[in-house]
Amino acid sequence: MRNISSETTDPEVMKEIGLRLRALRRSRDLTMEGVAHQSGLSEKTVSRAEQGLNPNMLTVVRLLRVYERLSALDEFIPEPEISPMALISERRRGGGSRG
């Protein structure tokens, strides 16, 4: 496994995602067939994801759920923090809730 940086090309990132998905499956001693069954995906879809062949977000979400790593998305795409000044401005405009 290698670190991903801004210099990593898109194909390299996709390959690394695939390697990490495969490693997660293997670390849990799961077969591709078992993961496909638990996730509701086909074995071909699981295999393509593990090869880094452009899995869609739903595929990644389903796999992370099976691997009990769905909470990793909080770090991957954190909820944006609102600045105190923006919060004051929003309240003045009458928009009291975030979302």
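Coordinates for the structure precede this section.
Cut-offs and rules
Throughout this description, residue numbers start from 1 for each chain and increase along the sequence as written. Local features in this predicted model are restricted to residues of pLDDT 70 or higher, and side-chain atom pairs are both shown and tallied only at a pLDDT of 80 or more, whereas totals for entire chains, interfaces and linings draw on every residue. Based on all heavy atoms of the structure, the side-chain values leave hydrogens and waters out of the count. Counting from the N terminus, the helices are the DSSP runs of H or I reaching at least four residues and the strands are the DSSP runs of E reaching at least two. Here the term buried applies to any residue with accessible area under 20% of the maximum for its type, exposed to any over 50%, and partly exposed to those in between, with areas from a 1.4 Å probe on protein chains only. Polar contact criterion, stated in full: a pair of N or O atoms within 3.5 Å, where within protein one must be able to donate a hydrogen and the other to accept it, and residues adjacent in sequence count only if both atoms are side-chain atoms. Only heavy atoms enter the contact rule, under which two residues are in contact if any of them lie within 4.5 Å. Put simply, a salt bridge is a Lys or Arg side-chain nitrogen that is within 4 Å of an Asp or Glu carboxyl oxygen. Remark: nonpolar core denotes a set of buried residues (Ala, Val, Leu, Ile, Met, Phe, Trp, Tyr, Cys) joined through side-chain atoms within 4.5 Å. Without a salt bridge and with relative accessible area above 30%, a residue can belong to a patch; like charges are then joined within 9 Å and nonpolar side chains (Val, Leu, Ile, Met, Phe, Trp, Tyr) within 5 Å. Working definition of accessibility: Shrake-Rupley area with a 1.4 Å probe, residue cover restricted to the visible protein chains.

Undergrad: Honestly, the environment of S89 in this entry has me stumped. Any pointers?
TA: Within the fold, S89 resides in helix α6 (residues 84-93). Residue classification places S89 among the partly exposed positions, given a relative accessible area of 33%. As for S89 and L58, which are separated by 31 residues in sequence, their C-alpha atoms are 36 Å apart. Here the side chain of S89 touches R93 through a polar contact of 3.1 Å, side chain to side chain.

Undergrad: For this particular structure, what's the right way to read the side chain of T8?
TA: Along the chain, T8 turns up in the segment before α1 (10-27). Judged by relative accessible area, which is 10%, T8 ranks as buried. Here S5 takes part through its backbone nitrogen, which lies 2.9 Å from a polar atom of the side chain of T8. T8 has contacts with R2, N3 and V13, leaving out every residue within four places of it along the chain.

Undergrad: In this structure, what is going on with the pattern of salt bridges? I would like to understand it.
TA: Pairing between side chains becomes possible if they bear opposite charge and their charged atoms approach one another. Applying the stated criterion to the full structure yields four salt bridges. A salt bridge links E16 to R20; the nearest nitrogen and oxygen atoms lie 3.0 Å apart. Placement of the pair is E16 and R20 together in helix α1, with a separation of four residues, close to one helical turn. With a relative accessible area of 4%, E16 lands in the buried category.

Undergrad: Got a minute to help me understand the nonpolar core in this structure?
TA: Looking at soluble globular proteins, one finds that nonpolar side chains tend to be buried together. Grouped together as the largest cluster of nonpolar side chains are 12 residues: L21, L24, V35, A36, L41, V46, A49, V60, L63, L64, V66 and Y67. For this core, the secondary structure elements donating two or more residues are α1, α2 (32-39), α3 (43-50) and α4 (57-66). Discounting chain neighbours no more than four positions away, the residues touching L64 are L24, R69, L70 and L73.

Undergrad: Would you take a moment to explain a nonpolar patch on the surface for this structure?
TA: A contiguous nonpolar surface patch, about 340 Å² in accessible area, is contributed by M57, F76 and I77. Mapped onto the secondary structure, F76 falls in helix α5 (residues 72-76).

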